[in-house]
Amino acid sequence: KLYAKLADFDANLNISGIITLYDGEEVKEKTSFELLRQKYRVYHRFDYIKQVGNENISVQLDTVNKYLWIGKPDKEMLRKQRKGILPFRDLMADTSFFKITPHPGPRPAIEIFDDYQPEIKSCVLVYDPRNYIIQQAIIQWWKQPGSPESREYFKTVTDYQYNTATAVNIDELLETIVTVSRKKVEINPAYAAYRVELADNLNN
């Protein structure tokens, strides 16, 4: 139920939030993000880096370092995403990659352990039991993965906000950055000073 809304590519998704990085009790960094998904069309902003894409073209825009990457989306990855995630019963199987247990605390939460991601100490998902929406993700990251001598870790706390549907047209947003037709790439003059990298798959 927690994954169902995120995995349903027939449903639009509009999420924003704040990610806070802790070293012990000290806040080291805080940044915001946005994710807007309309089936295969995606707009994602993480701090000053934006990714915009549809079924035909994908761009990554770094407005601080003035960098623009242009390529085609990974169609195989899109097909896998379209199928959704594994059924929950597979996650609970003895042969699964994940171990999921209830997490004690004032709010309903589960804790996920993944033996195939040794850099992560644990991941806790706090959720609303009324609608099974993930409200917060708390991830502990080993500072020195695989080292039995060091048990120090960083912690990231992601607070999610679920927004109402917006009228953003992702195809039009892409066209304000770049247009590609018959293998010809035209970049908006506003990004003329940017360093531009064209992916090899643009010629495919």
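Everything numeric here is computed off the predicted structure, so don't read it as measured data. (Residues numbered from 1 in each chain as written. Predicted model: local features only at pLDDT ≥ 70, side-chain atom pairs only at ≥ 80, totals over all residues. Heavy atoms only, no water.)

**Student:** For this particular structure, what's the right way to read the overall build of the protein?
**Tutor:** Counting its secondary structure elements, the protein contains four helices and 14 strands. Summarising the internal contacts of the protein: among those between residues at least 6 apart in sequence, 38% fall at separations of at least 24. Per element, the accessible surface of the protein, about 13400 Å² overall, is 51% carbon and sulfur. (Helix = DSSP H or I, 4+ residues; strand = E, 2+ residues; numbered from the N terminus. Contact = heavy atoms within 4.5 Å. Areas by Shrake-Rupley, 256 points an atom, 1.4 Å probe, with all protein chains shown as cover.)

**Student:** How should I be thinking about the packing of aromatic side chains in this particular structure?
**Tutor:** Aromatic ring pairs are reported here in terms of the distance separating the ring centres and the angle at which the planes meet. The tally for this structure, following the rule as stated, stands at four aromatic pairs. Consider the rings of F33 and Y160, whose centres lie 6.0 Å apart with planes at 75 degrees: the pair is edge-to-face. Residue F33 is found in strand 2 (residues 26-38), and its partner Y160 is found in strand 11 (residues 153-162); the two are separated by 127 residues along the sequence. Overall, the relative accessible area of 9% leaves F33 in the buried class. Judged by relative accessible area, which is 30%, Y160 ranks as partly exposed. Each ring, one from Y127 and one from Y132, has its centre 5.9 Å from the other, and the planes form 10 degrees; the classification is stacked. Using a relative accessible area of 16% as the deciding quantity, one classes Y127 as buried. The cationic tip of K143 hangs over the ring face of F154; the distance from NZ or CZ to the ring centre is 4.9 Å. Over the ring of Y22 we find K155; its NZ or CZ atom is 5.0 Å from the centre of that ring. (Phe/Tyr/Trp six-rings, centres within 6.5 Å; stacked < 30°, edge-to-face > 60°. Buried < 20%, exposed > 50% of the residue type's maximum accessible area, 1.4 Å probe, protein only. Lys NZ or Arg CZ within 6 Å of the ring centre and 35° of its normal.)

**Student:** Help me understand a nonpolar patch on the surface in this model?
**Tutor:** Judged by side-chain polarity, I187, V196 and L198 come together as a nonpolar surface patch covering roughly 210 Å² of accessible area. With respect to the element layout, I187 can be found in strand 13 (residues 184-187). (Patch = residues over 30% accessible without salt bridge, like charges linked within 9 Å, V, L, I, M, F, W, Y side chains within 5 Å. Salt bridge = Lys/Arg side-chain N within 4 Å of Asp/Glu carboxyl O.)

**Student:** Would you explain the environment of W141 in this entry?
**Tutor:** Tracing the chain through its elements places W141 in strand 10 (residues 133-142). For the pair W141 and T156, spaced 15 residues apart in sequence, the C-alpha separation works out to 8.0 Å. Those residues within four positions of W141 in sequence are excluded, and the remaining contacts are E119, I120, E152, Y153, F154 and T156.

**Student:** Honestly, the nonpolar core in this entry has me stumped. Any pointers?
**Tutor:** One broad trend across soluble globular proteins is that nonpolar side chains are buried collectively. Ranked by internal contacts, the top residues of the largest apolar core, which has 15 residues, are V52, V59, L61, L68, I70 and I177. Within the residue set of this core, elements represented by two or more residues are strand 5 (58-62), strand 6 (67-71) and helix 4 (170-175). The residues contacting I177, other than those within four sequence positions of it, are V52, V59, L61, L68, E186, I187, N188 and Y191. Counting residues in hydrophobic clusters, the runner-up holds eleven residues, among them I100, I110, C123 and I134. (Core = buried A, V, L, I, M, F, W, Y, C linked by side-chain atoms within 4.5 Å.)

**Student:** Got a minute to help me understand unusual backbone geometry in this structure?
**Tutor:** A negative phi angle is the norm for most residues apart from glycine, just as the trans form is the norm for most peptide bonds. The phi dihedral of K39 falls on the positive side, at around 55 degrees, and the residue is not glycine. In this structure, D47 takes a positive phi of about 60 degrees despite not being glycine. Along the chain, D47 turns up in the loop between strand 3 (41-46) and strand 4 (49-53). A relative accessible area of 33% places D47 in the partly exposed class.

**Student:** Teacher, can you tell me more about the pattern of salt bridges here?
**Tutor:** Side chains that differ in sign of charge can pair as their charged atoms come close. Taken as a whole and assessed by the stated rule, the structure comprises seven salt bridges. The salt bridge partner of E186 is K184, with a shortest N-O separation of 3.5 Å. Residue K184 is classed as partly exposed on the basis of its relative accessible area of 49%. A cluster of three or more residues bridged by salt bridges with shared partners is formed by D23, K143 and E152.

**Student:** Just to check I follow, could you spell out the side chain of T158 for this structure?
**Tutor:** Counting through the fold element by element, T158 comes out in strand 11. Excluding its chain neighbours within four sequence positions, the residues that come into contact with T158 are I18, I19, F33, Q135, Q136 and A137.

**Student:** What is the right way to read the pairing of strand 1 (residues 13-23) from this model?
**Tutor:** Looking along a regular strand, one sees the side chains alternate between the two faces of the sheet. As judged from the eleven bridges shared by strand 1 and strand 2, these two strands associate in the antiparallel manner. Bridge pairing in strand 2 places T20 opposite K30. Counted along the chain from strand 1 to the antiparallel partner strand 2, the turn is two residues long, and its residue G24 has a positive phi close to 70 degrees. Here nine bridges tie strand 1 to strand 11, and the two strands are oriented antiparallel to one another. Paired with G17 across the bridge in strand 11 is Y160. (Pairing = 2+ DSSP bridges.)

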